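Reading the structure
Spelled out, the chains give:
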Amino acid sequence: MNDQLLYLSGAEIAALRPNPADLRLSLARAFRLHAQHRVQARPKQTLAIAPGHFFQAMCAASPEPPYAAAKWVGIAENSGRGLSNVNGLVILSDFNTGRPLAIMDGNSLTVLRTAAMSALAAEYLARPDSTSIGFVGCGQQALGHLEAMYDLFPGLAEAVCFDRNATSARRLAVIAREKGLQSRETTAADDALACDIVITTVPGTTTLTPFLDASLLRPGSFVSAVDLGRSWRVETFNVFDLRVVDDRAQAEDPENRSKLAYPGPFDSDLAMLASGVERGRSSDPSQRTLFLFPGFALADLAVASAVFETALRTGGGVGLQR
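For clarity, every value in this text was computed on a predicted model and none was experimentally measured.

1. What to know about the packing of aromatic side chains
Under the counting rule described, the total for this entry stands at nine aromatic pairs. For the pair Trp 232 and Phe 240, a centre-to-centre distance of 6.5 Å together with 70° between the ring planes defines the contact as edge-to-face. Taking the relative accessible area as the measure of exposure, Trp 232 reaches 0% and is therefore buried. Given the relative accessible area of 3%, Phe 240 is considered buried. Chaining the aromatic ring pairs together yields one cluster made of Trp 232, Phe 237, Phe 240, Tyr 262 and Phe 266. Above the ring of Phe 211, the side-chain terminus of Arg 164 is found at 4.6 Å from the ring centroid.

See the structure below:
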């Protein structure tokens, strides 16, 4: 591999079948190092082109394991019929030598890292006896979150799936049913809010009007607002007893704060939880908790590193001549 650059497409990453528990462990290790000020990560940098059209760059480096990564994402709301409006690549480099090691499909990695972040947050913020999960938005992110949460919560028994595209909701319900969950699609988003765990992944558009009411959440529930909170009526966020972000410093950056439907303040972040500085949810079974996050470069690095090492062990990916 010394004279080659490994390429991992989305299909090749899927074929590796990354273990959700391993990804959570990689993230926890990275955020503990972050709490010790042993990693470097920069807030997202954004080039705004037009409403719904922008590019983002994210980078991070860590000595353990010794890798650095840069992620480049292009987002275009009206990218054309049949085309994704979010497209990205991740470049992984050796921390010590700077040598590029791999180029990876950023879309697949983003699904994995986002679901792993939600699951890591859920370790500290969700009730361990949670038995139901509700989805508002049933696309690729919802599929990734179903895998991650099913791995973390063995007691999950019910899934409620809402999407304005009935086909997407039906597909997710079928996959949940194949895992042994009692699942159903619904035409009412509020049905999903009656679950112990709620995942919202509503795509961003310039015409979206917030429609979810947090006051309808079940006591003791955990919400992961993957969609930056854009689907939620922010004036109802006062029902949350604990609000957590992936990285408080990034969330306080004016450019990134403006992207969040709820700009803060936040009670803690993943580094505080993973390092034990904050303990997460209290013993109060009625406590409602929120994880709202824009995505953090360190998480992309942690997941890309884990996927790369899996590919090396299993012979996955395609070697490109340097």
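2. Concerning the pairing of strand E6 (residues 86-94)
Residues in a regular strand project their side chains so that they alternate between the two faces of the sheet. Pairing of strand E5 (residues 66-76) with E6 involves nine bridges; the strand directions are antiparallel. By the bridge assignment, Gly 74 is partnered in E6 with Asn 87. Relative to strand E7 (residues 100-105), E6 runs antiparallel, the two sharing five bridges. Within the sheet, the bridge partner assigned to Ser 93 lies in E7 and is Pro 100.

3. Digging into the environment of Val 226
Mapping Val 226 onto the fold places it in the loop between strand E12 (222-225) and strand E13 (242-245). Judged by relative accessible area, which is 16%, Val 226 ranks as buried. For the pair Val 226 and Gly 295, spaced 69 residues apart in sequence, the C-alpha to C-alpha distance is 8.8 Å.

4. Here's the deal with the packing of helix H3 (residues 106-125) against helix H4 (residues 140-152)
The geometry of a pair of packed helices is captured by two quantities: the angle between their axes and the separation between those axes. Packing of H3 against H4 brings their axes to within 8 Å, and their N-to-C directions diverge by 40°. The orientation of H3 with respect to H4, classified from their angle, is oblique. As for the relative orientation of H3 and H4, their crossing is right-handed in sense. Across the interface between the two elements, Thr 110, Val 111, Thr 114, Ala 115, Ser 118, Ala 119, Ala 122 and Glu 123 from H3 touch Gln 140, Gln 141, Gly 144, His 145, Ala 148, Met 149 and Leu 152 from H4. A per-class count over the contact of H3 with H4 returns seven nonpolar, seven polar and one charged.

5. Topic: the nonpolar core
Side chains of a nonpolar character, in soluble globular proteins, are inclined to be buried together. Phe 31 and Met 104 are the most contacted members of the largest nonpolar core, which has 73 residues in total. If you tally residues by element for this core, the top one is helix H10 (residues 297-314), at eleven residues. Each residue touching Phe 31, except ones within four places of it in the same chain, is listed here: Leu 120, Asp 246, Leu 270, Ala 271, Ala 274, Phe 296, Leu 298 and Ala 299. Within the second largest apolar cluster, 26 residues are counted, among which are Cys 195, Ala 214, Phe 266 and Leu 292.

6. Things to note about the packing of helix H2 (residues 20-35) against H3
For the pair H2 and H3, the least separation of the axes is 9 Å and the interaxial angle reads 75°. Here H2 is positioned roughly perpendicular relative to H3, judged by the angle of their axes. Two secondary-structure elements touch here, H2 through Leu 23, Arg 24, Leu 27, Ala 28 and Phe 31 and H3 through Leu 112, Arg 113, Ala 116, Met 117, Ala 119, Leu 120 and Glu 123. Here the contact of H2 with H3 is composed, by residue class, of nine nonpolar, no polar and three charged.

What counts, and where the lines are drawn
Residues numbered from 1 in each chain as written. Predicted model: local features only at pLDDT ≥ 70, side-chain atom pairs only at ≥ 80, totals over all residues. Heavy atoms only, no water. Phe/Tyr/Trp six-rings, centres within 6.5 Å; stacked < 30°, edge-to-face > 60°. Buried < 20%, exposed > 50% of the residue type's maximum accessible area, 1.4 Å probe, protein only. Lys NZ or Arg CZ within 6 Å of the ring centre and 35° of its normal. Pairing = 2+ DSSP bridges. Helix = DSSP H or I, 4+ residues; strand = E, 2+ residues; numbered from the N terminus. Axes fitted to C-alpha atoms, helices over the stretch in contact; angles between N-to-C directions. Parallel < 35°, antiparallel > 145°, perpendicular 65-115°, else oblique. Left-handed = near helix turned anticlockwise from the far one by under 90°. Contact = heavy atoms within 4.5 Å. Nonpolar A, V, L, I, M, F, W, Y, C, P; charged D, E, K, R; others polar. Core = buried A, V, L, I, M, F, W, Y, C linked by side-chain atoms within 4.5 Å.

Interpretation note: all reported values are geometric properties and have no functional meaning in isolation.
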